[in-house]
Amino acid sequence: MITDLGYFATLLAFLAAAYAGVAALLAAHQGLPELRLSARRATYAACAALTLAEAVLAWALVTGDFGLEYAARYTSSDLGLLYKLAAVYAGNAGSLLFWAWVMTMMAAVAAYSGRRERTFAHYVTAVSMGVTAFFLLLVIFIASPFDRLPQPVVDGNGLNPMLENFGMLIHPPTLFLGYIGLTIPFAYALGALVSGRLDGEWLRLSRPWALFAWLMLGIGNILGMQWAYVELGWGGYWAWDPVENASLMPWLTATAYLHAAVVLRRRSMFKLWAVSLAGVSFLLAIFGTFLTRTGIVSSVHSFGETGLGPAFAAFLGLALLGTVALIAWRLPELKGDDEIEGFWSRENWVLIANFFFVAMTVVVLVGTMYPVFSSVFVGRKVELGKEFYNQANGPIMLAIVCAMGICPVLAWRRSANSTLKQALLLPAGAALALVLGLAVLGMRQPLALGAFAIAGFVLFSHAGEWLRAARARGRARGSNPFVSLGGLIWANRPRYGAHLVHMGIAVMAIGIVGSSFFVTQGEANLKRGESLTVGAYSVRFEGLSESTRPSRTTVTASVTVSQNGAEIVRLRPEHYFAKAGDEHGVTEVAIHTTPLEDVYVILAGWDQDGSATFKVLINPLVVWIWVGGALLLLGGVIGMWPQASTRRVEAAAEVWSAEPSAV
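Residues numbered from 1 in each chain as written. Predicted model: local features only at pLDDT ≥ 70, side-chain atom pairs only at ≥ 80, totals over all residues. Heavy atoms only, no water.

Once that is clear, we can look at the overall build of the protein. Summing up its helical and strand segments, the protein has 20 helices and 10 strands in all. In terms of overall dimensions, the protein is globule-like: its C-alpha atoms have a radius of gyration of 27 Å, near the 26 Å expected for 663 residues. Taking the principal axes of its C-alpha atoms as reference, the protein extends roughly 80 × 75 × 60 Å. Burial analysis of the protein (663 residues in total) assigns 56% to the buried set. Taken as a whole, the protein presents about 28300 Å² of accessible surface, with 63% of it coming from carbon and sulfur. (Helix = DSSP H or I, 4+ residues; strand = E, 2+ residues; numbered from the N terminus. Rg over C-alpha atoms; globule rule 2.2 N^0.38 Å. Buried < 20%, exposed > 50% of the residue type's maximum accessible area, 1.4 Å probe, protein only. Areas by Shrake-Rupley, 256 points an atom, 1.4 Å probe, with all protein chains shown as cover.)

Rendered as structure tokens:
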């Protein structure tokens, strides 16, 4: 049977990964070129074997092999082809196999690109193959997607209806890529600790991997926010769910790691920060995987009880103890040669920002694990609501955003007072004018005004830097501002990619503040022709309709949205039931988006007499969250875009390392 081939391919991959890891360690200590080559080839073999295993699983899902327990649980005959393929990582067993497969692909790329490197490549292979071997042990002995049912079923259960969304095709894989990608910088950091080569070389080699992982986690988090907003029907985009938190924490520490790397490559300092944050980011990625697969916290995203808890806890504990032991061993060598010379220096403000990134991570970690702590020490599970996270993290996030506006105008070592005042005066004045304008328009919330002022300061600060640089380039080359700006970005991609990232975060902050402070909502049961007024909008109920397809039954409401007496749009919120006997179904909201606000209409229920209950929210500035997210991701892509030649790579690296604000 073909699924037996998948099982044996997984077993072969485990043997190849285990051999590659051991051979790479021996090659690192004994310097044998034959062993080094053998480890690399074993890595390729593990990747090939897992590619075969993934192909077998995908074939079983697409062809509807409902004798396979995994296919029966996560696919059905009426499921679309793309969603059948997405089921590869929809379940616990499949996602573990997917993790191992992607890890071997990354390890193979790292092994090939580092085939001429003599210090760190061995450790990267050893660590990545060790992680792969652990995940394959779980697949082989605890959660195999190739287990068969005693008797095949006629049809499968299909995906959770909420997952039948385009985001399902992108959101989970990008998060997996981010989690897994953090293994490579971690391996380079371990290699630096073991070998004692704690200069900037390991950072140079690991930076593309760290940026890639950071970018994938960013895409995954933003897509997850957008999916929650349009699919879950509760009007928000971030609920501080434990699994949401699990993907946010390594992104925060990876961001701090990249900032520490900027300083370390420029000056001999922050060595301890760099290796520690590389380790913490990897450990948090494993911790997030542990959370989703053990059931120790309640989450709509988790796989529930899986029996994997002890294995993950042991692996996480060993990784933590090993990392701490290596750092303690090399601690005297991790002290930098340089020191911070002034408060108003770039390196000092990077340090300040990093403290805030770590503080935010600690807050999220404590809040996520508080139910576990309370259950152990108090005897009952107490969960902290979103108010805790918002109140604790709101000021921290604003402090981080503020630092993003200050860093671009600071010099290394120390900044001259006259230059600093001149550089800060214009963006600060523009931010003040923005706040005064908002106050004149009627905004009275001091916290919101302060947040808008900080976000505006960041945007004006970065825009001023761009404008000054573009004008200088234009004068030197005789080109117009747009050509000069494009040339600046292309010639200094890491620097201006970082500027875009920081501006994107400021724009996202504007959207988050607006949708948090100024949301308006209303709810009513309406008969046909009746209206509900919320804010400046009137929503009139036009009627209900029902349609039935083999895969679902859908109830659709038609509503007309008017503003100031004029009809502006017709919306069709829905509620559908994917399976017979499904009592709850899935809500499909209808959204009308403008630059200033979203009209968000939820069909909350309906009665036999034809009336329907609607919940309507007016969510200000939400679209700017997605605009800011797009800028952030664009900046990340520009920042990691490869140069045309090795010489240009080194030149760009020097430019990147000279900047205070990096992704």
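Turning next to the pattern of salt bridges. Between side chains of opposite charge, a pair can form when the charged atoms approach closely. The full count for this structure, using the stated rule, is 6 salt bridges. Notably, a salt bridge pairs Asp65 with Arg148, separated by 3.0 Å at the nearest N-O pair. Here Asp65, found in the loop between helix 2 (33-63) and helix 3 (69-74), pairs with Arg148, found in the loop between helix 6 (121-141) and helix 7 (171-181); they are 83 residues apart in sequence, far enough to count as distant. Judged by relative accessible area, which is 31%, Arg148 ranks as partly exposed. (Salt bridge = Lys/Arg side-chain N within 4 Å of Asp/Glu carboxyl O.)

Between its first and last C-alpha, helix 12 (residues 309-329) extends 30 Å over 21 residues, near the 30 Å set by a 1.5 Å rise per residue. Every buried residue belonging to helix 12 is among Gly309, Phe312, Phe315, Leu316, Ala319, Thr323, Leu326 and Ile327, and all of these are buried. The buried residues of helix 12 occupy an angular sector of 145 degrees when the element is viewed end-on, so they sit on one face. Exposed residues on helix 12 whose side chains face more than 90 degrees from its buried face are Pro310, Leu318 and Leu321. (Expected span 1.5 Å × (residues − 1). Arc of directions from axis to C-beta.)

So, on to empty space enclosed by the protein. Vacant regions in the atomic arrangement are exposed by a probe of water-molecule size rolled over the atoms. A complete count under the given rule lists 4 cavities of 30 Å³ or more for this structure. Taken as a whole, the largest cavity holds about 90 Å³ of empty space. If you trace the largest cavity, you find it lined by Ala24, Arg36, Ala39, Arg40, Ala111, Gly114, Arg115, Ala121, His122 and Thr125. Listed by contribution, the elements that provide at least two residues to the lining of the largest cavity are helix 2 and helix 6. (1 Å grid on protein atoms, 1.4 Å probe; cavity = no way out; pocket = protein on both sides within 12 Å on 5 of 7 lines; lining within 4 Å. Points joined across faces, edges and corners; volume = space filled by probe spheres on them.)

Let's shift gears to the environment of Arg549. Checked against the element boundaries, Arg549 lands in strand 3 (residues 537-549). What makes Arg549 partly exposed here is its relative accessible area of 48%. Along the chain, Arg549 and Ala578 lie 29 residues apart, while their C-alpha atoms are 9.4 Å from each other.

Quick look at the nonpolar core now. Ranked by size, the top nonpolar core spans 165 residues in total, and within it Phe135, Trp202 and Phe312 carry the most contacts. The residues contacting Phe312, other than those within four sequence positions of it, are Leu96, Phe134, Phe135, Leu138, Ile286, Thr289, Phe290 and Arg293. With 21 residues, the next largest nonpolar core counts Ala524, Phe541, Ala612 and Ile618 among its residues. (Core = buried A, V, L, I, M, F, W, Y, C linked by side-chain atoms within 4.5 Å. Contact = heavy atoms within 4.5 Å.)

A word on the side chain of Asn221. On the secondary structure map, Asn221 appears in helix 9 (residues 201-231). Take Asn221: its relative accessible area is 9%, and that puts it in the buried class. Those residues in contact with Asn221, other than ones at most four positions away along the chain, are Leu175, Trp238, Glu244, Ser247, Leu248 and Trp251.

So, about the layout of surface pockets. Here the largest pocket defines a volume of roughly 1400 Å³. Along the wall of the largest pocket there are 41 residues; nearest its centre are Tyr237, Trp240, Asn390, Ile512 and Ser516. Looking at the lining of the largest pocket, the elements with two or more residues in it are helix 9, helix 10 (242-266), helix 13 (346-377), helix 14 (386-406), helix 16 (446-477), helix 18 (493-517) and strand 10 (612-620). By residue number, the principal contributor to the lining of the largest pocket is helix 14, which donates 11 residues. Considered class by class, the residues forming the lining of the largest pocket number 27 nonpolar, 12 polar and 2 charged. (Nonpolar A, V, L, I, M, F, W, Y, C, P; charged D, E, K, R; others polar.)

This paragraph deals with the confidence of the model for the protein. Counting all residues, the mean pLDDT for the protein is 87, and 93% of those residues have values of 70 or more. Mean pLDDT across the elements of the protein bottoms out in helix 20 (residues 646-657) (40) and peaks in strand 10 (96). Low confidence marks residues 645-663, where pLDDT is under 50. Its contacts with residues over four positions away, or in another chain, come to 48 contacts. (pLDDT = per-residue confidence, 0-100.)

This part is about unusual backbone geometry. Unlike most non-glycine residues, Asn564 shows phi in positive territory, near 55 degrees. Topologically, Asn564 is positioned in the loop between strand 4 (552-563) and strand 5 (566-571). Non-glycine residue Leu621 carries a positive phi angle of around 65 degrees. Examined against the element boundaries, Leu621 turns out to sit in the loop between strand 10 and helix 19 (623-640). Look at Leu621 and you get buried, because its relative accessible area is 16%.

What follows concerns the sheet that holds strand 10. Here 4 strands make up an open sheet; going across it, the order is 1-10-9-8 and the pairing antiparallel. At either margin of the open sheet sits one strand with a lone partner, and together these are strand 1 (520-526) and strand 8 (590-593). Averaged over all pairs of adjacent strands, the angle between strand axes in this sheet comes to 15 degrees, irrespective of strand direction. Strand direction decides the pairing type here: strand 1 and strand 10, joined by 7 bridges, are antiparallel. (Pairing = 2+ DSSP bridges. Axes fitted to C-alpha atoms, helices over the stretch in contact; angles between N-to-C directions.)

Turning our eyes to something else, we now look at the pairing of strand 5. Regular strands have side chains that alternate between both faces of the sheet. As paired elements, strand 4 and strand 5 share 5 bridges and run antiparallel to each other. Among the inter-strand pairings, Val559 is bridged to a residue of strand 5, identified as Leu571. Linking two consecutive strands that pair antiparallel, namely strand 4 and strand 5, is a turn of 2 residues; a positive phi of about 55 degrees is found at Asn564 within it.

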